[in-house]
Amino acid sequence: MKKRTFIKLSSALMAAPLFRPLSGLAADEKLKNWAGNLEYSTNKLDAARNLQQVKEIVTKYPKLKVLGTRHCFNHIADTKDRFISVTDAEQQIVLDEKNKTVTVNAGLKYGQLSPVLHRKGFALHNLASLPHISVAGACATATHGSGEKNGNLSTAVSALEMVTANGELVRLTRKEDGDKFNAAVVNLGALGVVTQVTLDVEPTFMMGQYVFENLPLSQLKDNFDQIEASGYSVSLFTNWASDDITEVWVKYKEGDKAFKADKEFFGGKLATKNLHPIPELSAENCTEQMGVAGPWYERMPHFKMGFTPSSGKELQSEYFVPRKNAVDAILAISRMGKQITPHLLTSEIRTIAADELWMSPCYKQDSVAIHFTWKQDWPAVSKLLPFIEKELSVYDVRPHWGKLFTVAPALLAKRYEKLGEFRQLAKEYDQKGKFVNEFLKMNVFG
């Protein structure tokens, strides 16, 4: 086998885009995120198609932010000055079969990369619930999938290249750069413009998934570990309106310890048709269930690449607590059901393995994430979040960086022990704060 295989993406490999191209905006139309809840503070955007253009744009402007696939629900990527985008860069995939890595352009979407890897006999260890997000953007915010032994998506990064504020190209690797690497992977867009990412890969595999309905919440008290260990990836969905987990999605690797799909699963009943995480919606957009085998990239996400995921018009929040506190945290939220349910579309509970990445919510702790997909009513949700965060505060809760939260900056500083050192590194790469926006100024740089 060749050591390194260069793969040019053809139009046939480019899945139907979820987001309308920026060039398609009308003159008076505001730039928004994919769900439409957030209107960005400027439409000024320079699209870079190669490394040289990135360097030129970075050195040209005093203030800049990278705009990716626009899946964040808060202002982490916003700016009133100017955006740079690398999502339309000349796409190239470099597969190193000997070292089991793949190097890609930062703006490449997982849904574009995954089928190419599979055809070459390789896979990624994990994917998020939707494949429409870019590699660099997902890693910068510690976006995750599920699986008690699976780290978030950023844990697959073994090297990255970025252009810093002065136009210099910096390359960092897991093997050679230690702390700087661990600081830079989940970078929150604060260190520079990531142009290239190298990911670990493994031999490809097939997966199946089953869904069970109405698992009694009481089963989590005594069986949480067994439930989460039942598959390669497990997601629990509920609307907190009853004493049941509405749906349990169990994804398993074919060839591993075979998952036995009995009609009953800890009191839950095996679904007899494909389901959507929001029960009222059609499962047309969802990946195949009912134990039908398929490639890893068509089973690990909940949603297909060619469709709008989830409900589309929504808000999202998510909170990470230590794995050891999972059941207590879940029960605490369940007691708030009457407050939460009227404003909720669905809630998802997932496990994520610990990592060494400084700004990851899973830094040095196995974690459980409690996710909320809200109806698009920010006034109501904004009043609820402080109560949810108060209930979870005893567990030193960490919010998802790209979703909606109200946790005070002082508490974030306490809960991220490496935050001070991250600030120092950011100043080293960006002395004048070129990449610092209002979100970072408030939540990270204090």
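This write-up is about the structure you can find in this document. (Residues numbered from 1 in each chain as written. Predicted model: local features only at pLDDT ≥ 70, side-chain atom pairs only at ≥ 80, totals over all residues. Heavy atoms only, no water.)

1. Quick look at the overall build of the protein chain
Step number 1: A count of helical and extended segments in the protein chain gives 11 helices and 21 strands.
Step number 2: Relative to the 2.2 N^0.38 estimate, which gives 22 Å for 446 residues, the radius of gyration of the protein chain is 21 Å and therefore close to what a compact globule would have.
Step number 3: Reported as C-alpha extents along the three principal axes, the dimensions of the protein chain are approximately 60 × 55 × 45 Å.
Step number 4: Burial status across the protein chain gives 60% buried among its 446 residues.
Step number 5: Within the protein chain, residue pairs in contact and separated by at least 24 positions form 72% of the contacts whose partners lie at least 6 positions apart.
Step number 6: Total accessible area on the protein chain is roughly 18500 Å²; 49% of this is exposed by carbon and sulfur atoms.
Step number 7: Distance between charge centres in the protein chain, computed from 56 positive and 50 negative side chains, equals 4 Å. (Helix = DSSP H or I, 4+ residues; strand = E, 2+ residues; numbered from the N terminus. Rg over C-alpha atoms; globule rule 2.2 N^0.38 Å. Buried < 20%, exposed > 50% of the residue type's maximum accessible area, 1.4 Å probe, protein only. Contact = heavy atoms within 4.5 Å. Areas by Shrake-Rupley, 256 points an atom, 1.4 Å probe, with all protein chains shown as cover. Lys, Arg positive; Asp, Glu negative; His and termini not counted. Charge placed at Lys NZ, Arg CZ, Asp CG, Glu CD.)

2. Here's the deal with the pairing of strand E18 (residues 315-322)
Step number 1: Counting buried positions along E18 yields eight of eight residues, so the element is predominantly enclosed.
Step number 2: One ladder, built from eight bridges, connects E18 with strand E20 (residues 367-374); its direction is antiparallel. Residue pairing for E20: Ser317 is matched across the bridge by Phe372.
Step number 3: Two elements, E18 and strand E21 (residues 398-399), share two bridges in a ladder whose sense is antiparallel. Among the inter-strand pairings, Phe320 is bridged to a residue of E21, identified as Arg398. (Pairing = 2+ DSSP bridges.)

3. Details of the packing of aromatic side chains
Step number 1: By the definition in use, this model includes 13 aromatic pairs.
Step number 2: Between Trp296 and Tyr297, the aromatic rings sit 5.6 Å apart at their centres with planes inclined by 80 degrees, giving edge-to-face as the arrangement. Tyr297 shares its class with Trp296; the two are buried.
Step number 3: Aromatic pair Trp401 and Tyr416: ring centres 5.2 Å apart, planes at 45 degrees, arrangement tilted. Taken together, the residues span a long stretch of sequence, with Trp401 in the loop between E21 and helix H9 (409-415) and Tyr416 in the loop between H9 and helix H10 (419-429) at a distance of 15 residues.
Step number 4: Lying across the ring of Phe205, Lys253 places its NZ or CZ 4.3 Å from the centre.
Step number 5: Sitting above the plane of the Tyr416 ring, Arg398 keeps its charged end 5.1 Å from the centroid. (Phe/Tyr/Trp six-rings, centres within 6.5 Å; stacked < 30°, edge-to-face > 60°. Lys NZ or Arg CZ within 6 Å of the ring centre and 35° of its normal.)

4. With respect to the environment of Pro301
Step number 1: Here Pro301 is to be found in the loop between strand E17 (294-295) and E18.
Step number 2: The class of Pro301 is buried, set by a relative accessible area of 0%.
Step number 3: Distance in space between the C-alpha atoms of Pro301 and Thr143 is 13 Å, their sequence separation being 158 residues.
Step number 4: With near-sequence residues (within four places) excluded, Pro301 lies in contact with Leu127, Ala128, Ser129, Leu130, Pro131, Lys251, Thr287 and Trp296.

5. Section: the sheet that holds strand E3 (residues 65-66)
Step number 1: The strand order E2-E4-E3 describes an open sheet built from three strands, whose pairing is parallel. Edge positions in the sheet fall to strand E2 (45-47) and E3, since each of these pairs with one other strand and no more.
Step number 2: As defined by bridge partners, E3 adjoins strand E4 (residues 83-85) across two bridges and the pair is classed as parallel. Of the residues in E4, the one forming a bridge with Lys65 is Phe83.

6. Section: helix H1 (residues 51-60)
Residues that lie three or four places apart on an α-helix share one face, since the helix turns once every 3.6 residues.
Step number 1: Turning to H1, its buried residues number three or more, namely Val54, Ile57 and Val58. For H1, the arc enclosing every buried residue in end-on projection is 100 degrees, short of the 170-degree limit, so these residues lie on one face.
Step number 2: For H1, the elements touching its buried residues are E2, E4, strand E8 (157-163) and strand E10 (193-200).
Step number 3: With a side-chain oxygen lying 3.3 Å from the backbone nitrogen of Gln52, the N-terminal cap of H1 falls on Asn50. (Arc of directions from axis to C-beta. Polar contact = N/O pair within 3.5 Å; in protein donor to acceptor, adjacent residues only side chain to side chain.)

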